Amino acid sequence: MKTKYASKKTNSFGHTVQINDFEMYYEEYGDGKPLVLLHGFGGCSQNWHPFISKLSENYRLIVIDMRGHGYSTNPVNKFTHQDSANDVFFLLDKLGIDSFSAMGMSSGGMTLLHMAINQPKRIDSMILISATSYFPEQARAIMRRASFETLPQEVREMYRECAKRGDEQIRQLIAQFNALGENYDDMSLTEQDLSAITAQTLIVQGDCDNFFPIEISESMKRFIPNSELWIISGGEHVPIYDAKIPFTSKALKFLGGIDNKTQSDKYLKK
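Since the model is a prediction, treat every value here as computed from it, not as a measurement. (Residues numbered from 1 in each chain as written. Predicted model: local features only at pLDDT ≥ 70, side-chain atom pairs only at ≥ 80, totals over all residues. Heavy atoms only, no water.)

Draft legend 1. Up close: unusual backbone geometry. With a phi close to 55 degrees, asparagine 226 is a non-glycine residue in the positive phi region. The phi dihedral of valine 238 falls on the positive side, at around 50 degrees, and the residue is not glycine.

Draft legend 2. Inspection of the pairing of strand β4 (residues 59-65) at higher detail. The buried count for β4 comes to seven of seven residues, which makes it a mostly enclosed element. Residues Tyr59, Leu61, Val63 and Asp65 of β4 are buried on one face, and the alternating residues Arg60, Ile62 and Ile64, pointing to the opposite face, are buried as well. Here strand β3 (residues 33-38) runs beside β4; their pairing, made up of six bridges, is parallel. Looking across to β4, one finds that leucine 35 is bridged to leucine 61. Taken together, β3, helix α1 (residues 49-55) and β4 form a β-α-β motif whose crossover is right-handed. (Buried < 20%, exposed > 50% of the residue type's maximum accessible area, 1.4 Å probe, protein only. Helix = DSSP H or I, 4+ residues; strand = E, 2+ residues; numbered from the N terminus. Pairing = 2+ DSSP bridges. Right-handed = clockwise from strand over helix to strand, strands pointing away.)

Draft legend 3. Looking closely at the state of the cysteines. Counted according to the given criterion, the structure contains one disulfide. What pairs with cysteine 44 in a disulfide is cysteine 162, and their sulfur atoms sit 2.2 Å apart. Every disulfide takes its handedness from the sign of the S-S torsion; for cysteine 44 and cysteine 162 that torsion is -60 degrees, giving left-handed. Of this pair, cysteine 44 sits in the loop between β3 and α1 while cysteine 162 sits in helix α5 (residues 153-162), placing them 118 residues apart in sequence. Across this residue pair, the class does not change: cysteine 44 and cysteine 162 are buried. (Disulfide = S-S within 2.5 Å.)

Draft legend 4. Just the nonpolar core, in detail. Ranked by internal contacts, the top residues of the largest apolar core, which has 87 residues, are Trp48, Met103, Leu113, Met115, Ile127, Tyr159 and Phe247. With sequence-adjacent residues up to four places away left out, isoleucine 127 is seen in contact with Ala102, Met103, Gly104, Leu112, Leu202, Val204, Phe247, Ala251, Phe254 and Leu255. (Core = buried A, V, L, I, M, F, W, Y, C linked by side-chain atoms within 4.5 Å. Contact = heavy atoms within 4.5 Å.)

Draft legend 5. Broad picture of the pattern of salt bridges. Throughout the structure, instances matching the rule amount to 12 salt bridges. In this structure, glutamate 28 engages arginine 60 in a salt bridge whose closest nitrogen and oxygen atoms are separated by 2.8 Å. With a gap of 32 residues between them, glutamate 28 in strand β2 (residues 22-29) and arginine 60 in strand β4 connect regions that are remote in the sequence. A residue is classified by how much of its surface remains accessible, and glutamate 28, at 22% relative accessible area, is partly exposed. Among the residues examined, arginine 60 registers a relative accessible area of 15% and is labelled buried. A cluster of three or more residues bridged by salt bridges with shared partners is formed by Asp21, Arg67 and Asp87. (Salt bridge = Lys/Arg side-chain N within 4 Å of Asp/Glu carboxyl O.)

Draft legend 6. Representation of helix α8 (residues 214-223) within the structure. Among the residues of α8, those classed as buried are Ile216, Ser217, Ser219 and Met220. All buried residues of α8 lie within an arc of 160 degrees about the axis, which places them on one face of the element. Here the buried face of α8 lies against α3 (107-118), α7 (191-195), β7 (200-206) and β8 (227-232). (Arc of directions from axis to C-beta.)

Draft legend 7. Highlighting α5. Taken as a whole, α5 has its buried residues at Val155, Met158, Tyr159, Glu161 and Cys162. Buried residues of α5, viewed axially, fall in a sector of 165 degrees; they line one side. Buried positions along α5 lie against α6 (167-180).

Worth remembering: the numbers are spatial, not functional.
So this is what it looks like as structure tokens:
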């Protein structure tokens, strides 16, 4: 049984900061080593709410609405994963956070790939969930023809819950999603790019993902040093919401969460 992609908002842990040309919203939970959580396209920080209780027992969670998503604004009405990576680094700099671990779903994972390539020393470990180094034609076809009406019901519900500015925000996000289907620069990471990553990396992939075939994840596993691959049998795109999948326990084991409360000071900028 799946958990909802975006549960109803029930707290007021959020903060908003100015990041260059837009306002970025984020939430914080727990304490210890920073763990940055990035949602997928069309989602928001609420995508992580089913996992926050356990993760925050061992980490200081920084749960972000990427530009144009959730409560974050996007005056230029454009989204790329490279820009998103720069945004997250700006926020972490404002928070005085130097090194950290991170997890990203889909577009959040692609943002993390850019971050891990551009400033590799800052990310100690990361988990990429249904991410890709490039867009295969099957993904581009989905992105080009996407409309709100053709999205699966559970994804429409997520857009409705996460788009805090209503229908206009949804229209903007769908248009940006369509545009990614024609963008050949943003996600075009090479073997050389991936080999520059130093973060210990767990790649999570469902073998029934309609966007990205498992061959891409297998290729990333070959090229990213110190990486592991977890193929989820029968898993679709972002398969971690299935209650039968022990995602949280496996993630904490991979990240080594039990020792992080006593090490938090060393991750802050001096």
